Amino acid sequence: MDDEKVFPNEITYTSVISALEKAGRWELCLEMLTRMMDIDLEPNLATYGAAMSACDLAAAWTSAISLVQDMLSSRLVPTGMIAGSAIGALRNKTKGFELLSSIASSWPPLEPTSQANNVTVAEILAEGPGILAVTKPAGIRTEQLVDKIAKELQTPELYLVSRLDHPTSGVLPIALGSESSRAVNWFQAQFAGRLVQKEYLCLVEGQVGDLGFAGQISAPLLTIRKGDKMRTRVSKLGRDACTQYKVEALYTWKQAMLELSLLAVQPLTGRTHQIRVHMASLAYPIVGDRSYGSKRDLPCSRLFLHCSRVTLQDLTQVFEAHAPLPDELQSVLEGLEFKKDLQQSKTAEQLEPQA
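Keep in mind the model is a prediction, meaning the values are calculated, not measured. (Residues numbered from 1 in each chain as written. Predicted model: local features only at pLDDT ≥ 70, side-chain atom pairs only at ≥ 80, totals over all residues. Heavy atoms only, no water.)

Colleague: What exactly am I supposed to notice about the UniProt feature "repeat: PPR" (unreviewed entry) in the chain here?
Modeller: Mapped onto this numbering, the UniProt entry annotates "repeat: PPR" (unreviewed entry) at residues 9-43. Helix makes up 74% of residues 9-43 and strand 0%, whereas the separation of the span's terminal C-alpha atoms amounts to 10 Å. (UniProt positions renumbered as here; feature names shortened; annotations may be inferred. Helix = DSSP H or I, 4+ residues; strand = E, 2+ residues; numbered from the N terminus.)

Colleague: Sorry if this is basic, but what is going on with unusual backbone geometry here?
Modeller: Keep in mind that most residues, glycine aside, have a negative phi and that most peptide bonds are trans. In this structure, Asp 40 is a non-glycine residue whose phi angle is positive, near 65 degrees. Among the structural elements, Asp 40 can be located in the loop between α2 (26-38) and α3 (45-58). Overall, Asp 40 belongs to the exposed group, its relative accessible area being 68%. You will see that His 273, though not glycine, has its phi angle at about 60 degrees, which is positive. (Buried < 20%, exposed > 50% of the residue type's maximum accessible area, 1.4 Å probe, protein only.)

Colleague: I tried to follow the UniProt feature "domain: Pseudouridine synthase RsuA/RluA-like" (unreviewed entry) in the chain on my own but got confused; where do I start?
Modeller: Under the local residue numbering, the UniProt record ascribes the feature "domain: Pseudouridine synthase RsuA/RluA-like" (unreviewed entry) to residues 134-281. Taken end to end, residues 134-281 comprises 21% helix and 42% strand; its first and last C-alpha atoms sit 31 Å apart.

Colleague: Hey, could you run me through the pattern of salt bridges in this one?
Modeller: Two side chains with opposite charge may pair up if their charged atoms get near one another. In the structure shown here, the tally under the stated rule is 11 salt bridges. Here Glu 143 ties to Arg 141 by a salt bridge, and the two come within 3.5 Å at their closest N and O atoms. The class for Arg 141 is partly exposed, based on a relative accessible area of 45%. A salt bridge links Arg 276 to Asp 289; its shortest N-O distance comes to 2.9 Å. With Arg 276 in helix α9 (residues 274-281) and Asp 289 in the loop between α9 and β11 (305-313), this pair connects stretches of sequence that are 13 residues apart. Through salt bridges with shared partners, a single network forms among Asp 56, Arg 91 and Arg 194. (Salt bridge = Lys/Arg side-chain N within 4 Å of Asp/Glu carboxyl O.)

Colleague: Would you mind going over the pairing of strand β5 (residues 197-205) with me for this structure?
Modeller: Remark: a regular strand shows side chains that alternate across the two faces of the sheet. Of all nine residues in β5, seven are buried, a share of seventy percent or more. Where β5 meets β11, six bridges bridge the pair, whose relative direction is antiparallel. The residue bridging Leu 201 from the neighbouring strand is His 306, located in β11. Bridge analysis of β5 against strand β10 (residues 258-267) gives six bridges, and the strand direction is antiparallel. Within β10, the residue paired with Leu 203 across the bridge is Leu 262. (Pairing = 2+ DSSP bridges.)

Colleague: Just checking my understanding: could you explain helix α6 (residues 93-104) for this structure?
Modeller: Turn by turn, an α-helix covers 3.6 residues, leaving residues three or four places apart pointing in a common direction. Here α6 contains 12 residues, and its C-alpha end-to-end distance of 16 Å stays within 8% of the 16 Å for a straight helix at 1.5 Å per residue. Turning to α6, its buried residues number three or more, namely Gly 96, Phe 97, Leu 99, Leu 100, Ile 103 and Ala 104. Buried residues of α6, seen end-on, are gathered within an arc of 160 degrees and therefore sit on one face of the element. Residues of α6 that are exposed and point more than 90 degrees away from the buried face comprise Thr 94 and Glu 98. Buried residues along α6 sit in contact with α4 (61-73), α5 (80-90), α8 (182-192) and β11. (Expected span 1.5 Å × (residues − 1). Arc of directions from axis to C-beta. Contact = heavy atoms within 4.5 Å.)

Colleague: Looking at this structure, how should I read helix α1 (residues 10-22)?
Modeller: With 13 residues, α1 ought to run about 18 Å at 1.5 Å a step, and its terminal C-alpha atoms sit 18 Å apart, in line with that. Taken together, the buried positions of α1 are occupied by Tyr 13, Thr 14, Ile 17, Leu 20 and Glu 21. For α1, the arc enclosing every buried residue in end-on projection is 125 degrees, short of the 170-degree limit, so these residues lie on one face. Along α1, the residues that are exposed and aim more than 90 degrees away from the buried face are Ile 11 and Lys 22. In the core, the buried residues of α1 are packed alongside α2 and α3.

Colleague: Would you explain the packing of aromatic side chains in this entry?
Modeller: Aromatic rings considered in pairs are described by the distance between their centres and by the relative angle of their planes. One pass over the full model with this rule turns up two aromatic pairs. Between Phe 213 and Tyr 245 the ring centres are 6.3 Å apart and the planes differ by 50 degrees, which places this aromatic pair in the tilted class. With Phe 213 in the loop between β5 and β6 (214-218) and Tyr 245 in strand β9 (residues 242-253), this pair connects stretches of sequence that are 32 residues apart. Under the relative-accessibility criterion, Phe 213 is labelled partly exposed at 38%. Judged by relative accessible area, which is 9%, Tyr 245 ranks as buried. Directly above the aromatic system of Tyr 292 lies the positively charged group of Arg 231, at a separation of 4.6 Å from the ring centroid. (Phe/Tyr/Trp six-rings, centres within 6.5 Å; stacked < 30°, edge-to-face > 60°. Lys NZ or Arg CZ within 6 Å of the ring centre and 35° of its normal.)

Colleague: Which parts of the structure should I look at to understand the environment of Leu 110?
Modeller: Secondary-structure assignment places Leu 110 in the loop between α6 and β1 (124-128). Overall, Leu 110 belongs to the partly exposed group, its relative accessible area being 40%. Here the alpha-carbon distance between Leu 110 and Ala 183, two residues 73 residues apart in the chain, equals 6.5 Å. What Leu 110 contacts, discounting residues up to four positions off in sequence, is Pro 129, Gly 130, Arg 182, Ala 183 and Leu 315.

Colleague: Teacher, can you tell me more about the confidence of the model for the chain here?
Modeller: The predicted coordinates of low-pLDDT regions are not to be read in fine detail. Within the chain, residue pLDDT values average 91, and 94% of them lie at 70 or more. Within the chain, the element-level pLDDT minimum falls on helix α11 (residues 342-351), averaging 52, and the maximum on β11, averaging 98. Counted against residues more than four places away or in other chains, residues 347-355, with its pLDDT under 50, gives zero contacts. (pLDDT = per-residue confidence, 0-100.)

Colleague: Which parts of the structure should I look at to understand the side chain of Ser 181?
Modeller: Its location among the elements puts Ser 181 in the loop between β4 (169-176) and α8. When its relative accessible area of 2% is taken as the criterion, Ser 181 is described as buried. Of note is the side chain of Ser 181, whose polar atom sits 2.7 Å from the backbone oxygen of Ser 178. In contact with Ser 181, other than residues within four places in its own chain, are Pro 108 and Glu 111. (Polar contact = N/O pair within 3.5 Å; in protein donor to acceptor, adjacent residues only side chain to side chain.)

Structure (structure tokens):
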């Protein structure tokens, strides 16, 4: 561009910073941002977003905080996603909430919202200031369910801060407000900054370990869109992904002499199909997951994956929503030969005579 005497603009620099972010070159991202301002070009939200994401990936928390301060001093309001990247760079939950609270003062006041007691298309699990949690059944798209809720509430101002796959059931949190509202930014920042705790129950093929065994999978995931479908695989070219799991119960399916494990799973990141791909990568595919390796014709009409609990911070206090295992999955467990679970194991330990 210099040779041709073509002068770079905001779009040029934002594109370069975005490319460097994807390559993991966070120092060069910040260098380009500085060079941009040296020639009197004003960074926009997209520019800061790419630079902040680079800091998040590198855990460059001091630089992330400096970027937040630069934005606020320039009267450029960070979005929830940008705030989430800054929080993620801290890698500390307590300090993350402190930073979130300081950024939130730049967002507009909480908007009044519709009463959720008018909702009949989904079970209401919990309500809080700016947030609603419902049960999403399997076999319905998240967006489709939210559209139905919005029609019942007669408001278009519902915002998805988290999604569940089409075949997955469980807790679905919904922010109440417009895209630029305090509520949407507040919850979006928590999900992007990995401050939200989500727990799933899934039944997998094979015995993952002894009762109570806990493990962790850290493997980068790459998602590719094919038409209207998304496919994810473990790849060095992918984004960091981490999943923790614990064996809650053990079963046997006598018809095929197959061992099965019921797991409590916590995804520490939020990649597409993360739990499904991570478990399949260990050769323990989730029961009913034809897309990622389940080959057995088990007596289960759907994917055995259920989001049982979501815990986060609403605008005033801790917010928790719990969804029990749906009847169709509970009946699958009842049709298997039960071996033991953690509760049974604890009871047995209590009954053991003391030496």
